[in-house]
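Examination of the molecular architecture
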Amino acid sequence: MLIHPWDAARDEQEWQDWLAGHDFGQLAVNGPDGEPPFVQPLHFAYDAARGEVLGHLARPNPLWRALEARPEVLLSVVDDYAFVPGPWQALPGDPAEHGTPTSVYAAVQLRCTAHVVDDPHEKAELLNRQVAHFQPPGLSAEAAAGEAPYGRLLPGIRGLRLKVTGVRAKFKYAGHKPDEVQDRIAAGLAERGAPGDAAALAQQRRRRSA
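Residues numbered from 1 in each chain as written. Predicted model: local features only at pLDDT ≥ 70, side-chain atom pairs only at ≥ 80, totals over all residues. Heavy atoms only, no water.

Some remarks on the nonpolar core
So the rule is basically this: Here, nonpolar core means buried Ala, Val, Leu, Ile, Met, Phe, Trp, Tyr and Cys residues that are tied together by side-chain atoms lying within 4.5 Å of each other. Note on classification: 1.4 Å probe, protein chains only; a residue is buried when its accessible area is under 20% of the maximum for its type, exposed when over 50%, partly exposed between these limits. Under the scheme used here, helices are H or I runs from DSSP no shorter than 4 residues and strands are E runs no shorter than 2 residues, and both carry numbers assigned from the N terminus. Should any heavy atoms of two residues lie within 4.5 Å, those residues are counted as being in contact.
The biggest cluster of nonpolar side chains holds 39 residues, and the ones touching the most others in it are Leu19, Leu27 and Leu110. The biggest single contributor to this core is strand β6 (residues 102-117), with six residues. Apart from the residues lying within four places of it in its own chain, the contact partners of Leu19 are Phe44, Tyr46, Val77, Val108 and Leu110. With five residues, the next largest nonpolar core counts Ala124, Ala143, Leu154 and Ile157 among its residues.

Quick look at helix α5 (residues 197-209)
For clarity, the cut-off: By definition here, a helix of n residues has an expected span of 1.5 Å times n minus one.
A rise of 1.5 Å per residue sets the reference length of α5, with its 13 residues, at 18 Å; its end C-alpha atoms lie 18 Å apart and thus fit the reference within 8%. Turning to α5, the residues buried within the fold contact α1 (12-20), β5 (72-84), β6, β7 (157-172) and α4 (179-192).

Some remarks on the side chain of Arg161
What counts, and what does not: Polar contacts, as counted here, are pairs of nitrogen or oxygen atoms within 3.5 Å of one another; within protein the pair requires one atom able to donate a hydrogen and one able to accept it, and residues that are adjacent in sequence qualify only if both atoms are side-chain atoms.
Note on placement: Arg161 falls in strand β7. At 3.3 Å, the side chain of Arg161 and the side chain of Glu52 are in polar contact. Discounting residues that sit within four places of it in the chain, Arg161 has contacts with Glu52, Val53, Leu54, Thr113, Ala114, His115, Val117, Glu122, Glu125, Leu126 and Arg129.

Describing the packing of aromatic side chains
Note the threshold: The rule is short: rings of Phe, Tyr and Trp, with Trp giving its six-membered ring, pair when the centres are within 6.5 Å, and they are stacked under 30 degrees, edge-to-face over 60, tilted in between. Ring-over charges, as used throughout, are those where CZ of Arg or NZ of Lys falls within 6 Å of the ring centre and within 35 degrees of the ring normal.
With the rule as written, the count across this model stands at two aromatic pairs. Measuring from ring centre to ring centre gives 6.1 Å for Trp15 and Tyr46, while their planes differ by 50°; the resulting arrangement is tilted. In this pair, Trp15 sits in helix α1 while Tyr46 sits in strand β3 (residues 45-47), placing the two residues 31 residues apart along the sequence. Residues Trp18 and Phe171 carry aromatic rings whose centres are separated by 6.3 Å and whose planes lie at 90° to one another, so their mutual orientation is edge-to-face. One end of the pair, Trp18, is in helix α1; the other, Phe171, is in strand β7, and 153 residues separate them in sequence. Over the aromatic face of Trp64 sits the side chain of Arg158, whose NZ or CZ is 4.9 Å from the ring centroid. The ring of Phe171 carries the charged tip of Arg206 above its face, separated from the ring centre by 5.3 Å.

Right under this line is the structure:
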């Protein structure tokens, strides 16, 4: 992922705050030699204090063998994106049709070392932490090894602890463009109102005001 200086996260807090509101991404695992990577959609819980990501997958998933052979993985999260038509990007004084179409988006990539969790007690603890991230307490019984209702289901899954070893974060919102162009993009997003436009506009405004 190319990150220009004007698109880079301003500090660690910026990408952590953004990631705190995003918990679904794509887990990329190196495939066998000569094969493409495995890419697994994944709901996850990011624990900033521990520097780790929690997740789980079904035991029959073909990803496991590749992951155990090469545990260095990449978790990619992309959101708050929108297409920007060329005329919105035209520089001051240039014809509208000379503007360059582009996209705006936020992206965080976490490089991690994967640790597979098979111990039933550790899996139960991992699942409880993950569920606590997604829903209020009391909506589901806690998982416990050998106990109903979820104990019998634990053998069917494997847990994942992804230890974060590196982070690349990008907030591409035309931050290097003249104010006139940024204003035009903001007005266009607000007027068009397509899916994703409001979130992209909120990110653009946040970046400009920071």
